[in-house]
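Breakdown of the fold
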Amino acid sequence: KISAKMATGPGKVQFKITLTSDPKLPYRVLKVPENAPFTAVLKYASEEFKENADTSAIITNDGVGINPAQTAGQVFLKHGSELRLIPRDRVGSS
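Notes on the structure in this doc start here. (Residues numbered from 1 in each chain as written. Predicted model: local features only at pLDDT ≥ 70, side-chain atom pairs only at ≥ 80, totals over all residues. Heavy atoms only, no water.)

**What about the packing of aromatic side chains?**
The line we're drawing: Side-chain rings of Phe, Tyr and Trp, where Trp is taken by its six-membered ring, are said to pair if the distance between their centres is within 6.5 Å; with planes under 30 degrees apart they count as stacked, over 60 as edge-to-face, and otherwise as tilted. Secondary structure elements are defined from DSSP: runs of H or I of at least 4 residues count as helices, runs of E of at least 2 residues count as strands, and each element is numbered from the N terminus. Think of it in three bands: with a 1.4 Å probe and only protein chains considered, a residue is buried below 20% of the maximum accessible area for its type, exposed above 50%, and partly exposed in between.
In total, this model carries two aromatic pairs according to the counting rule given. Measuring from centroid to centroid gives 5.7 Å for Phe15 and Phe38, while their planes differ by 75 degrees, and the two rings are edge-to-face. Separated by 23 residues along the polypeptide, Phe15 in strand β1 (residues 12-19) and Phe38 in helix α1 (residues 38-48) bring together distant segments of the chain. Owing to a relative accessible area of 0%, Phe15 belongs among the buried residues under this scheme. Owing to a relative accessible area of 1%, Phe38 belongs among the buried residues under this scheme. Between Phe15 and Phe76, the aromatic rings sit 6.3 Å apart at their centres with planes inclined by 70 degrees, giving edge-to-face as the arrangement. Of the two residues, Phe15 sits in strand β1 while Phe76 sits in helix α2 (residues 72-79), which places them 61 residues apart along the sequence. You'll find Phe15 and Phe76 in the same group, each marked buried. By the ring-pair criterion, three or more aromatic residues cluster together here, those being Phe15, Phe38 and Phe76.

Dropping the structure here:
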């Protein structure tokens, strides 16, 4: 089993978060404490892409939504390091 500590050293996890609404698919690599609330990761990633955190969600590459009410370490262990930011107002729009 992969330990979150193996990702970037003791107590930190690393995520590669891609903005799905941009055709160029820009991404940011974030290193955060494994005990950080994932809501903070969502907020920071949204700000990095100049998106509204209140209307954004983070999903896996397979399109599975991630509940932000957990720690960054828990998300890393369950879903891995490659995630996607999607503005919720664009879900289902064409």
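From this point on, the discussion continues.
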